[in-house]
Every structure is written in C-alpha cells, then in structure tokens.
Amino acid sequence: MQEFIQLVINGAALGSIYALIALGYTMVYGVLGLINFAHGDVLMVGAYAGLLAVWSIHLNAHPTLLGLLWVFVVAMVASSLLGVLIERFAYRPLRNGSKLNLLITSVGVSLLLENLCQILWGATPRVFPSILNQEIFFKVDHVAITNYLVVTFLVSVVLMIILEWIVLKTQLGRAMRAISYSHEMAMLVGISADNIIMITFMIGSALAAAAGILVVINYPQVDPTMGLLLGLKAFVAAVLGGIGSIRGAVVGALTMGILESLIAGYFSSTYRDALAFIVLILVLMIKPSGLFGHHQPEKV
Amino acid sequence: MSPLLEIENLKVSYGTIEVLHGISCCLDAGDIICLLGSNGAGKTTMLKAISGILKIDSGAIRFKGTSIIDVAAPQRVSKGLVHCPEGRGIFPNLSVWENLQLGAYSRKDKHAIQRDIQRGLEWFPILEDRLSQLAGTLSGGEQQMLAMARAVMAHPQLLLLDEPSLGLAPQMIESVFEKIKLINREGVTILLVEQNAQVALEISKFAYVLETGNLILQGPSETLLNDSSIKKAYLGEAILP
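Just so it is clear, the structure is predicted and the values come from calculations on it, not from any experiment.

Q: Outline the sheet that holds strand 2 (residues 17-27) of chain B, listing residues and values.
A: Residues and elements named next belong to chain B. The 4 strands are arranged 2-1-4-5 in an open sheet whose pairing can be described as antiparallel. Each edge of the open sheet carries a strand with a single partner, namely strand 2 and strand 5 (66-67). As paired elements, strand 4 (residues 58-63) and strand 5 share 2 bridges and run antiparallel to each other. Considered in strand 5, the bridge of R62 is made with S67.

Below, the structure is given as structure tokens:
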C-alpha cells in the first residue's frame, strides 16, 4: 500500500509537469486550431537556456532559492521569445491557408529546432547540474516526499492558478476564449487576433520552459531531442482530456503521469513510454473528443 | 454638417465574382437608415465591407470625414463603428456578463465599464437575471438583446445591425425594434439591414434598396413606404388586401 501511495505521488508530480506542457498545446489549439508539434522543442530550448542561466551565476557550486528562481525566469523568458518568433515568422504567414499547412510547418519547425541545437550544443546529452540539494521534506512510514516533489508541485500549481486566473477573470482571457470561438466575431468587438495569438504563444511557451526546468531538476540531463517524447506524452494528455479544454489538459496529464508511474513501478519501466501511445489509440477509438471535450451541437 | 459615413463607388468581390458593383451612399448622423433588398443582393457584404472584415476591391469609405480603408477591423470599433452581425455574433462559450465586458474591449476608460454595464441592463432588463449564464443557452431573442447591449458597450457612433429580427417570435421582433429606437434616441446612428421591410421603413428616416449589387432606389422612408414598386417587391402588396 505504501509503495502504491509513493508511486501515485511521484506520478502526480510527473503528471503536473505534463500538465504544464499540455496546457500549451491546448491553448494554442484553442486560438489557432493548430497542434503545435514544435511545442516540445520550445521546452528543450528552455531547458538549455536554464543551463546557461546556471552557468552564468555558477549556481551548481552553491544552490540557493534565489538562484533557482533565476533559472526559471531565464528559461521562461527565452522560451516565450522563441514562441513569439515561431508564431510571427512560421505560423502567421500561413494562418489564412489550410490548417494542414500549419501542421506540417510545425513539424518542420520542430526538426529545425532540434537540429539547430545539435549544431550549437552537440548531440550528446549534457548533465544539468544539481540546482537544488535533494532532501527528504516529509516522511510518513516509508512514503517520502522530497523537496524535488515539493518544488514540482508548488511551481506547477502556482503557474496553473495564475493561468486559470488569466483565462477566466481578465479581459485578455475573455479575448482568448472569444477568439477560440471565432476570429471574425472577435474582430467585431475590437479584438486584434494577432496580438492575442502572440500572447497565447508567449504564455504557452513560458509554461513549457517551466516544465522543462522541473524535468531537469528531477532527471538531470538535457539533450536536443528531449522535447520529443515529453511533448508527445503531453499532447496525448491534452487529447485524453479533450483538446481545447484547459481543465481537461490538467486532468489528462495527471492521469497519464500516475498511470506511467504505476506501470513503471509494478510492471516494467520499459513499457512506460508505450503507455502514451496505448492511451492515444484508446481515446481515439472510444471517445475522440476526450474526457472534457465539448462536442457542442449547433443551435439553429 | 458633413455626413457620418460616406461610401463612394464601392466594389467588393468574393474570389472572382463581383458582388457589389460600385455602391455610393451617404449616412447622416443621428438617423436610422435602412438597407433593403432580397436575399443575395449584397446587404451583408456591404456591412462587412464597412466594418472591415471583408477586403474591398476599390472605392472609398469615409467615417467622420476620414478614410478608413486602411484601418483594420478591430481598430474601426474603437473609432466608433460597430457591426452587430447576422446570427448575432455573441460568444456562446462565454457568460452574458463576459460578453458585455468584451463589448468594451476597445475602450480606454476602464473605470466607466461597470457603470455602462448597469446602463445596458436598464435598457435590456431581460439580461439582468441571466448575467452568469452562458450566452449560448439564451433564447434567440435574448441573444439578439445581448448582441445589441454588447454593441452599445463599445460607445458606437454608427451601429450596423444585420437582420436583428431574423428568426424571432413576433412579440420579440417588436421588442427588438423598440430597443433599436431607444439606442438611436441615445444618439447612435443606425444602419439597419432588414428583411421585414414594412417595419424597417416605419422606424427609419431614410432607405436604400439594393438589388444584385447595385443601389437601385433611395429616398426618405416615408416616400418609399408609398412607392408602388417597393410595395410590390418587398411589402407583399399582392398578398395583403
């Protein structure tokens, strides 16, 4: 039983990382109707930016909380800039064309980023220095909660609350939801789709970067293809929750994280990566709109 | 006084098919002006060209004396030109209150928005109890009321109303036209596109008739009400005794 609880807690931490990534997929899908396959690579660039941030203040020598914050900020700023650039130069020119063009372009951007990073930093994985000394934060019997888990939960929950507040309570969030309904109707109340889409990419990319740093705190290495599998799993989580739904992305991601942790714990960690694909196939077969997907009948 | 909106030789196409073949007209501030015409005449196209969601081929559109051809649609809203589209254009996935908030999206005076929402609710009391409800769950008439209340939130000088009575019950239609007159009394010029020519001519001061992309007739609404060709084409004289 204790092993089960431990696995669920670890899985929920992993799931909350997936959730941060999945939110980016689902938000961009909301405003643009695009599955942004370069999203995982934005996360990867964020992780590399975090590595530069660590080096810039020699954080690995003496980890501090302020230093940790610095790494998050640098990674998130770098990724949001990258997200804005990708949107501006790769997606915006194609926005009025077929959705398929956008999708293919996003795959192209993904390959471009991976290969650019290989040229810049080489293909071999780099060790991400420990920026937080691992300690047991809390322990009941054999269930241990490390400070890694605490940071993971804290960062993702805080970011998700901020996002929830933006989307539900601010004029910006209302504009995002208006655009996800119809670009044309949004224009008629004075909303400029360009600006809102740009901000959506900024927010989504910043969340991905935060997720990237949480990943390297828990699994301390970076490599140019690290975004691929993470992105894919988060994408499946978003589909499981119902793409376009923010609540769905979080629920889907937590489910995925916990299942993955249980499979790795009780079965074999060889199969943990296969889970995403099994889930994807099952969702597409049983309920393609996902758990929270709204298939709204049109009112005539 | 110079007119609020001037259109000169406006041409608009969908792809290679020209829909408006050179429209010219003038709207004076303070009036209700109606635009009549059968299905496919180009009425909605004309409104979309004025609000900027359709690109025009050639011609001039001047609002308050300055050309707005190069002004993007969202910026036209902040200039005081608001388009309430056919099918109402409300956001069904947002609550009534959120729809009203978004109506004021283009405004700078954020502090006055709550006061204006209160005013909107006084004008459209039907919305009062529905503020937290999703707009998509409203009835057709309530949605139309919301669309107009939201449009007024932007402080328009010119309001383009496309088929506000479409698909509504008779009592609701009457109520919608009451609201149109109310908005106009508050100083908003209204360009009204309507299938219901009788009522449209009754509440408007001036009317244009559009047929297959050309303005074929214009004049004071009173005159048009008694025009025999209009009666035949739009008022169904043959059916009424």
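Let's pick the thread back up.
Q: Which residues make up the sheet that holds strand 9 (residues 206-211) of chain B, and what are the values?
A: Residues and elements named next belong to chain B. Reading across the sheet, the 6 strands line up as 6-7-8-3-9-10 and stay open at both edges, with mixed pairing between neighbours. In the strand order of this sheet, the two ends are held by strand 6 (81-84) and strand 10 (214-220), each with one partner. The mean inter-strand angle of the sheet, taken between neighbouring strand axes irrespective of direction, is 15 degrees. With 4 bridges joining them, strand 3 (residues 32-36) and strand 9 adopt parallel strand pairing. Bridge pairing links I33 to F206 in strand 9. Here helix 1 (residues 43-51) sits on the sheet in contact with strand 3, strand 6, strand 7 (158-162), strand 8 (189-193) and strand 9, set at roughly 150 degrees to strand 7. Lying over the sheet, helix 5 (residues 140-153) contacts strand 6 and strand 7, oriented at roughly 170 degrees with respect to strand 6.

Q: Before we move on, can you summarise the interface of chain A and chain B with the specific residues and values?
A: Opposite the 20 residues of chain A that make contact, chain B presents 27 residues. Buried area between chain A and chain B, summed over both chains or domains, comes out near 2,000 Å², and the portion from carbon and sulfur atoms is 63%. Considering only the side of chain A, the residues that lose the most area to chain B are R174, L188 and V189 of chain A, jointly responsible for 32% of the buried surface there. If you look at where chain A meets chain B, you find 1 salt bridge. Across the pair E98 of chain B and R177 of chain A runs a salt bridge whose closest N-O atoms are separated by 2.8 Å. Taken together, chain A and chain B are joined by 4 residue pairs in polar contact (both at pLDDT 80 or more). Listing elements by their share of the side of chain A that touches chain B, those giving two or more residues are helix 6 (171-181) and helix 7 (183-188) of chain A.

Q: Requested: an account of the confidence of the model for chain A, with residues and values cited.
A: Looking at chain A, the pLDDT average stands at 92 and 97% of residues meet or exceed 70. Considering each helix and strand of chain A separately, the mean pLDDT is smallest for strand 2 (residues 136-140) of chain A, with a value of 83, and largest for helix 8 (residues 193-218) of chain A, with 96.

Q: So, the pattern of salt bridges: which residues are in play, and what are the values?
A: Residue and element names in this part refer to chain A. A complete count under the given rule lists 16 salt bridges over all chains for this structure. With its nearest N and O atoms 2.7 Å apart, the salt bridge here joins D194 to R95. Placement of the pair is D194 in helix 8 and R95 in the loop between helix 3 (65-91) and helix 4 (99-121), with a sequence separation of 99 residues. By relative accessible area, which is 31% here, D194 ends up partly exposed. As a salt-bridge pair, E260 and R272 come within 3.1 Å of each other at their nearest N and O atoms. With E260 in helix 10 (residues 246-266) and R272 in helix 11 (residues 272-286), the pair connects residues that are 12 residues apart, well separated along the chain. Judged by its relative accessible area of 23%, R272 is partly exposed. By sharing partners, the salt bridges in this structure join E87, R92, R95 and D194 into a single network.

Q: Give a detailed account of the environment of A19 of chain A, specifying residues and quantitative values.
A: Residues and elements named next belong to chain A. Structurally, the position occupied by A19 is in helix 1 (residues 2-32). Here A19 falls in the buried class, since its relative accessible area comes to 0%. As a C-alpha pair, A19 and S156 span 137 residues in sequence and 8.1 Å in three-dimensional space. Leave out the neighbours within four places in its chain, and A19 touches M160, V250 and A253.

Q: Got a sec to walk through helix 4 (residues 113-123) of chain B? Specific residues and values, please.
A: Since the α-helix packs 3.6 residues into each turn, any two residues three or four apart lie on the same face. All names here are of chain B. Listed as buried for helix 4 are I113, D116, I117, G120, L121 and W123. Looking straight down helix 4, one finds its buried side chains confined to an arc of 155 degrees; they lie on one side. Among the exposed residues of helix 4, those pointing more than 90 degrees away from its buried face are R115 and E122.

Q: Before we move on, can you summarise a nonpolar patch on the surface with the specific residues and values?
A: Residue and element names in this part refer to chain A. Together, M1, F4, I5, Y266, F267 and Y271 make up a nonpolar patch on the protein surface, roughly 710 Å² of accessible area in all. Mapped onto the elements of the fold, Y266 is located in helix 10. In this structure Y266 comes out as partly exposed when scored by relative accessible area, which is 47%.

Q: Can you explain helix 6 of chain A? Please cite residues and give values.
A: The buried fraction of helix 6 of chain A amounts to 8 of the 11 residues, a majority that puts the element mostly inside the structure. All of the buried residues in helix 6 of chain A are Q171, G173, R174, A175, M176, R177, A178 and I179 of chain A. Packed against the buried residues of helix 6 of chain A are helix 1, helix 5 (147-169), helix 7 and helix 8 of chain A together with helix 3 (96-103) of chain B.

Q: Could you give an account of the packing of aromatic side chains, with specific residues and numbers?
A: Two descriptors summarise a pair of aromatic rings, namely the distance from one centre to the other and the angle between the planes of the rings. Residues and elements named next belong to chain A. The full count for this structure, using the stated rule, is 7 aromatic pairs over all chains. When the ring of Y48 is compared with that of W121, the centres are 4.2 Å apart and the planes differ by 5 degrees; the resulting orientation is stacked. Highlighted residues: Y48 in helix 2 (residues 39-56) and W121 in helix 4, separated in sequence by 73 residues. For Y48, a relative accessible area of 1% gives the class buried. Measuring from ring centre to ring centre gives 5.5 Å for F267 and Y271, while their planes differ by 40 degrees; the resulting arrangement is tilted.

Q: Any chance you could break down the side chain of T152 of chain A for me, citing the residues and the numbers?
A: All names here are of chain A. Here T152 is to be found in helix 5. For T152, a relative accessible area of 1% corresponds to the buried category. In terms of polar contacts, T152 uses its side chain to reach the side chain of N218, at 3.2 Å. The residues touching T152, leaving out its near neighbours within four places in the chain, are A13, S16, I17, L214 and N218.

Criteria and cut-off values
- Residues numbered from 1 in each chain as written.
- Chains lettered and ligands numbered in written order.
- Predicted model: local features only at pLDDT ≥ 70, side-chain atom pairs only at ≥ 80, totals over all residues.
- Heavy atoms only, no water.
- Pairing = 2+ DSSP bridges.
- Helix = DSSP H or I, 4+ residues; strand = E, 2+ residues; numbered from the N terminus.
- Axes fitted to C-alpha atoms, helices over the stretch in contact; angles between N-to-C directions.
- Contact = heavy atoms within 4.5 Å.
- Buried area = accessible area lost by both parts, 1.4 Å probe.
- Salt bridge = Lys/Arg side-chain N within 4 Å of Asp/Glu carboxyl O.
- Polar contact = N/O pair within 3.5 Å; in protein donor to acceptor, adjacent residues only side chain to side chain.
- pLDDT = per-residue confidence, 0-100.
- Buried < 20%, exposed > 50% of the residue type's maximum accessible area, 1.4 Å probe, protein only.
- Arc of directions from axis to C-beta.
- Patch = residues over 30% accessible without salt bridge, like charges linked within 9 Å, V, L, I, M, F, W, Y side chains within 5 Å.
- Areas by Shrake-Rupley, 256 points an atom, 1.4 Å probe, with all protein chains shown as cover.
- Phe/Tyr/Trp six-rings, centres within 6.5 Å; stacked < 30°, edge-to-face > 60°.

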